[in-house]
Every structure is written in C-alpha cells, then in structure tokens.
Amino acid sequence: MRKVPDYSAVDEPRLVDGAKSGDMQSFEELVSRYRDKVYTRAFSIMRNEDLAVDLSQNAWVKAWQRLAQFHGDASFATWLNRIVTNLCLDELRRQKRLRTDSIEEIEEATGPVENRMEIQDVDPIAKLNQKELRERIDDAMDKLSDNHRAVLVLYEYEHLEYKEIADQMDTSIGTVMSRLFYARKKLAALLGEELKREGLIE
Amino acid sequence: MKENKIELKIQALVDAELTESEAEQMRECMDNDVRLQILYAQLIQTKDLISKHEMPRILPESGDFYWTKIAQEIGGVEPANQGSNNSLVIKWLFRRLAPLLGIATIVLLITLQQPSVPDLGIEFKSDHELELLDDDIEVMTFNSIDDSISIVWLDYSMDLQKDYMELWLD
C-alpha cells in the first residue's frame, strides 16, 4: 500500500517545487504555514478583518498562478507578502483611500504639520512588556491615515527602499520621505499621549 | 538648506538611504546642532519600536474554511508554469504534426479515388480474385476459377505505348 506523505514534515523548497508541478497538497501545506502572516500583512494595511481575509485569499490564488515566477531569490514568505501588499495597495486605490491631493498632503509638502508636532521621546515605552507595546503601537497605527500607514508598513515591515515604495505607490521619493517622517512623528506622538494618559510619563 | 529638508535628510540617514558623501554632510550638520542630534536619536528609537512590534494576527476563520475558498478558486487551474509548458508542448507538436497530417489526408483521398472493379455484366460464381499491380504499367487482373475466366486491364502512358510498339516491330 502506498504511504501518504506527511506534508507537515516536508521542507519549504520541496513544497514549492511540488506546488509548481501542480500538487495541491503541497500548496495547501504552504497556505497552512503562512496564512496568518499573509493575513497579518493585509490587516496591517487595510485595518479591516473581512477585507484582509479576502485580499489574503486573493494573494494565495495569485501566488498559485504565478508560481513559475518564484525563483527563490527572496524567501517564499517575502514573495507572498509582496503579492498581498500589492493587492492591498490596489484595493486602497480602487476605494480612493490613497489620496494624492488631500489637505494633509499639501501640508506635508509645505511642512507646517511636522513643524507643529514635536517628536515624542518614546523611551518610557520600554517599561511596557512586548504584548502591551504591540497593542499600543497597533492602536496608534489604526489612527494613521491610509497613506501614512501604507508607507510605514512598506518601509518597516516589508523593508522596501524609498524608491521601491515610490514606484509601488505611484508617487515621488520626496513624498515617500515626507509621509514616512510624518507617520513616524504622529505615531510617536500618539504613543506619547497614550503613555501620559496612563501615567507612565508626565 | 530648509529646516524641513534637513529633517528629511536626517531621517534618510537613519534609514541608510543616503550616499556616503551625503551621510557625511549630514553628520557634520548634526555635530553643530543639538536639536538635530535629538531628532536623530528619536527617529532611531521610533524606527526600532515600529519595525520590531508588528502585531501578529490569527485568521478570524478556520484554516479549513479559508483553504476551501482558495481551493475553489484554483481548482482545475494548473500553476502557470505547468500550463504554459503544456501549451508550449501542444504548439510544438502542432507545428510538426500539421504537415504530416496534411500528407496523410492527401494519401487517404488518393487511395479512396482508386478505380473500382469495372462492371462487365458477367455473373461470377463464388471463387474469384482481383489482383492489382502497381509497377511501370498499371495492371488490374480479375481471375475467376469457377468461371474459368481471367480479365486483365492495362493502363499505361503514351510513352510506354510507343516503346512497346517499337519493341514489337523489332
């Protein structure tokens, strides 16, 4: 009798090769290993559970269709995250949530927002444990605009360079730099306010 | 340099996005400006804080249900590389087989157009045979043992006819 392979014990390159040759079970195992990561990335950008689930599933379908383009230059997880990130940006564009002519953007270009907002010293945050810290940063991310959050996610979590972000978001490097600066300042300010409210800083 | 532009350059220094000469220039700027030194330190702190603390999330639905929806979408669709390989093979075969198929069709048509046995108005008994030869001269022979009869048809070109005539005359 033929033994059924234990896919959970198979290493990633073999699973990818199996999926490339049409083995759905290999692909299912890859989905099982990375579904939470792909969903996490989608949620980080979209901040909406249903959309994040849908977009992450679309990312898997796209990945299946484009497996031939994966040559292992980056890790499979990185490649997948790029796909889901692109889908999220497309969705934001479709919903016109990525604005290019907002007041916020005009202010960024001229500088007053940054000038009005002093960057906060986030050192007291070190007193919090990892879980508390993550929750507070996540809350602050939730309060950023789609533009600023997207740039922050692409830079800090996807590790893209300014130029790559500019290409993906159809904007200039200057705008990317400005959005990133503003996003960091605002996030630090939001964290500072939260810590003040909780009495962790004065 | 405008203040806003300097701040963005400080950030680019933190993000290692400057060339070595630009980075050196910004370090010189910072040496003479405490405010820029504070900004640099705070940006590093914020960057570290964000990059190391992405909130991990778990799918809000079961893994099986999640996979079922993906499987429905990709069911019956092979990965692109396999599909494209198959289509390449099909194209390759088609390019090479098409002429062969054409030749085979012509041969079949010619075969179907071969002359049938002529109707001589003779009733033959059971045991007879039809023999076809295909050399220089097209020869068709009909033999019937029961009827003690043999009929031979000759079909040849004018050139051959002339040669035979000359042979007989000799």
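Residues numbered from 1 in each chain as written. Chains lettered and ligands numbered in written order. Predicted model: local features only at pLDDT ≥ 70, side-chain atom pairs only at ≥ 80, totals over all residues. Heavy atoms only, no water.

Remarks on empty space enclosed by the protein
What the rule picks out here adds up to one cavity of 30 Å³ or more. When its volume is computed, the largest cavity comes out at roughly 40 Å³. Together, S44, R47, D138, M141 and Y157 of chain A together with H53, E54 and M55 of chain B line the largest cavity. (1 Å grid on protein atoms, 1.4 Å probe; cavity = no way out; pocket = protein on both sides within 12 Å on 5 of 7 lines; lining within 4 Å. Points joined across faces, edges and corners; volume = space filled by probe spheres on them.)

Focus: the pattern of salt bridges
Side-chain pairs of opposite charge can arise where the charged atoms are in close proximity. Taken as a whole, this structure holds 22 salt bridges over all chains when the rule is applied. Here E91 of chain A ties to R94 of chain A by a salt bridge, and the two come within 2.9 Å at their closest N and O atoms. You can see E91 of chain A and its partner R94 of chain A sitting in helix α4 (residues 76-94), three residues apart, about one turn around the helix. Residue class for R94 of chain A comes out exposed when judged on its relative accessible area of 60%. For K69 of chain B, the salt bridge goes to E61 of chain B, with nearest N and O atoms at 3.5 Å. Taking relative accessible area as the criterion, K69 of chain B reaches 26% and is therefore assigned partly exposed. A network of salt bridges, in which partner residues are shared, links R41, R82 and E158 of chain A together with E54 of chain B. (Salt bridge = Lys/Arg side-chain N within 4 Å of Asp/Glu carboxyl O. Helix = DSSP H or I, 4+ residues; strand = E, 2+ residues; numbered from the N terminus. Buried < 20%, exposed > 50% of the residue type's maximum accessible area, 1.4 Å probe, protein only.)

Considering the packing of aromatic side chains
Residues and elements named next belong to chain A. Following the criterion strictly, the structure yields nine aromatic pairs over all chains and no others. Relative to W60, the ring of F27 has its centre 5.8 Å away and its plane inclined at 80°; by these criteria the two rings are edge-to-face. Here W60 lies in helix α3 (residues 49-65) and F27 lies in helix α2 (residues 24-46), a separation of 33 residues in the sequence. Relative accessible area serves as the criterion here: at 0%, F27 is assigned to the buried category. By relative accessible area, W60 is classed as buried at 0%. (Phe/Tyr/Trp six-rings, centres within 6.5 Å; stacked < 30°, edge-to-face > 60°.)

Section: the interface of chain A and chain B
Each partner contributes to the interface: chain A provides 56 residues, whereas chain B provides 41 residues. Interface of chain A and chain B: buried area, both sides summed, is about 4,700 Å²; carbon and sulfur atoms make up 61% of it. Counting across the interface, chain A meets chain B through four salt bridges. Where E156 of chain A meets K47 of chain B, a salt bridge forms, and the shortest distance between an N and an O atom there is 4.0 Å. Counting across the interface, chain A meets chain B through 19 residue pairs in polar contact (both at pLDDT 80 or more). For the side of chain A that touches chain B, the secondary-structure elements that each account for two or more residues are α1 (12-20), α2, α3, α6 (112-116), α7 (130-143), α8 (146-157) and α10 (173-197) of chain A. Examining the composition of the side of chain A that touches chain B, we find that eleven residues originate from one element, α2 of chain A, more than from any other. Within the side of chain A that touches chain B, the residues separate by chemical class into 27 nonpolar, twelve polar and 17 charged. (Contact = heavy atoms within 4.5 Å. Buried area = accessible area lost by both parts, 1.4 Å probe. Polar contact = N/O pair within 3.5 Å; in protein donor to acceptor, adjacent residues only side chain to side chain. Nonpolar A, V, L, I, M, F, W, Y, C, P; charged D, E, K, R; others polar.)

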